Amino acid sequence: MTDEHDGRDDHHEHDGRDHRRDSGQDAFRALLHAQRVWDTELPVFDAAAAPDEPLPLFHRWFTEAVAAGQSEPHTMTLATADERGRPDVRILMLHDADARGWHFASHATSRKGRQLAGRPEAALGFYWAVQGRAVRLRGRVLTAGAEESGADLRARSTGALASALVGRQSEVLGSRDELARASRAAWRRAEREPTAEAESWTAYVLEPDEVEFFQGDADRRHVRLRYRREQGIWVRELLWP
């Protein structure tokens, strides 16, 4: 008798948990499906008038994103692959974009650094929602030398230098207290030695062989312009949205 009663209680508790879980999932889906994109007037992109190379257009779009009030337009997604070919992705900052390529930096000992050492190819992605624009790039990644990597670090803020001096990026952290102690020591050193070096800090340059510019359209007739490097020459082509 008691066992049967206990079984019924367990069944009811299980049903209750399932109901709460289903309700939470339903609420999430309702919230997700209620979201809208580009609730603003989008710019018109005339791909036929685009420059012969992607860099000037990137500079122009970046400038326009800043002028339009895009938050953190210099943040980008970096995608790499590990030794088994499994993809990995994270957000980081663009440090420059010039004739050599798109610049960023990290610790060579970090996960992304190790992956780039094993497979020196990557993809970058920018999304500027305020204008419904995105830019995608992919190509080989070059590693800068110690002098350039050091100059990149010295050009950054005290906080960025302190973070680099802490190092150990992507390693397992024992506790928040351990991080706090290392961070305080690194901040003191960064303030005392603004030219301090972080040995593993490395500057990278992605040399794209493909760059795509995406302009959203309220009627879903999006404009996709791809630059593709072919024997040293940039070829422009439109893509179906």
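In case you missed it, the structure is sitting above this.
Residues numbered from 1 in each chain as written. Predicted model: local features only at pLDDT ≥ 70, side-chain atom pairs only at ≥ 80, totals over all residues. Heavy atoms only, no water.

Our next topic: helix α3 (residues 111–118). All buried positions along α3 are accounted for by K112, G113, Q115 and L116. Projected down its long axis, α3 carries its buried residues within an arc of 165°, all on one side. Opposite the buried face of α3, by more than 90 degrees, sit the exposed residues A117 and G118. Buried residues belonging to α3 abut β1 (75–81), β2 (87–93), β4 (101–107), β5 (121–128), β6 (133–143) and β7 (201–215). (Buried < 20%, exposed > 50% of the residue type's maximum accessible area, 1.4 Å probe, protein only. Helix = DSSP H or I, 4+ residues; strand = E, 2+ residues; numbered from the N terminus. Arc of directions from axis to C-beta. Contact = heavy atoms within 4.5 Å.)

This part takes up the side chain of D82. Counting through the fold element by element, D82 comes out in the loop between β1 and β2. Separated by 2.9 Å, the side chain of D82 and the backbone nitrogen of R84 make a polar contact. A polar contact of 2.7 Å, which involves the side chain of D82, links it to the side chain of R86. If near-sequence neighbours (up to four positions away) are discounted, D82 is found in contact with Q115 and R119. (Polar contact = N/O pair within 3.5 Å; in protein donor to acceptor, adjacent residues only side chain to side chain.)

Right, let's get into the layout of surface pockets. In this approach the atoms are scanned with a rolling probe the size of a water molecule, which exposes any empty space left behind. Approximately 560 Å³ is the volume attributed to the largest pocket. Around the largest pocket, the lining is made up of 27 residues, and of these H107, S163, G167, R168 and Q169 lie nearest the centre. Elements that contribute at least two residues to the lining of the largest pocket include exactly β2, β4, α5 (158–166) and α6 (176–192). For the lining of the largest pocket, the class distribution of residues is 12 nonpolar, 9 polar and 6 charged. (1 Å grid on protein atoms, 1.4 Å probe; cavity = no way out; pocket = protein on both sides within 12 Å on 5 of 7 lines; lining within 4 Å. Points joined across faces, edges and corners; volume = space filled by probe spheres on them. Nonpolar A, V, L, I, M, F, W, Y, C, P; charged D, E, K, R; others polar.)

Quick look at the environment of A48 now. By secondary structure assignment, the location of A48 is in the loop between α1 (2–34) and α2 (54–67). You can call A48 exposed: its relative accessible area is 65%. Considered as a pair, A48 and R236 are 188 residues apart in the sequence and their alpha carbons are 9.5 Å apart.

Moving on, we get to the pairing of β1. Side chains M76, L78 and T80 of β1 all project onto a buried face; the interleaved residues T75, T77, A79 and A81 project onto a face where none is buried. Sheet analysis places β1 next to β2, joined by 7 bridges and oriented antiparallel. Pairing of A79 across the sheet is with V89, part of β2. Relative to β5, β1 runs antiparallel, the two being bridged by 3 bridges. Each bridged residue has a counterpart across the sheet, and for T77 the counterpart in β5 is G125. (Pairing = 2+ DSSP bridges.)

Generally speaking, nonpolar side chains in soluble globular proteins are found buried as a group. Core analysis: the biggest nonpolar cluster contains 30 residues, and F58, W102, F104, F126 and V135 have the highest contact counts within it. Elements that contribute at least two residues to this core include exactly α2, β1, β4, β5, β6, β7 and β8 (223–230). It is α2 that provides the largest number of residues to this core, a total of 5 residues. Among residues more than four places away in sequence, those in contact with F58 are L94, A97, W102, F126, W128, V135 and F213. Counting residues in hydrophobic clusters, the runner-up holds 11 residues, among them A162, A190, A196 and W201. (Core = buried A, V, L, I, M, F, W, Y, C linked by side-chain atoms within 4.5 Å.)

The final tally for this structure, using the stated rule, is 14 salt bridges. With its nearest N and O atoms 2.7 Å apart, the salt bridge here joins R86 to D82. Overall, the relative accessible area of 45% leaves R86 in the partly exposed class. Measuring nitrogen to oxygen at the nearest pair gives 3.0 Å for the salt bridge that ties E148 to R100. Here R100 lies in the loop between β3 (96–98) and β4 and E148 lies in helix α4 (residues 146–154), a separation of 48 residues in the sequence. For E148, a relative accessible area of 30% gives the class partly exposed. (Salt bridge = Lys/Arg side-chain N within 4 Å of Asp/Glu carboxyl O.)

Taken as a whole, α4 has its buried residues at S149, G150, D152 and L153. Viewed along the axis of α4, the buried residues span an arc of 155°, placing them on a single side of the element. In this structure, the buried side of α4 is in contact with β4, α5 and β7.

Two elements in contact, α5 and α6, have axes whose closest approach is 8 Å; the angle formed by their N-to-C orientations is 125°. In terms of axis orientation, α5 runs oblique to α6. Taken as a pair, α5 and α6 cross one another with a handedness that is right-handed. Between α5, through T158, G159, L161, A162, L165 and V166, and α6, the contact on the second element is made entirely by A182, S183, A186, W187, R189, A190 and E191. By residue class, the composition of the contact of α5 with α6 is 8 nonpolar, 3 polar and 2 charged. (Axes fitted to C-alpha atoms, helices over the stretch in contact; angles between N-to-C directions. Parallel < 35°, antiparallel > 145°, perpendicular 65-115°, else oblique. Left-handed = near helix turned anticlockwise from the far one by under 90°.)

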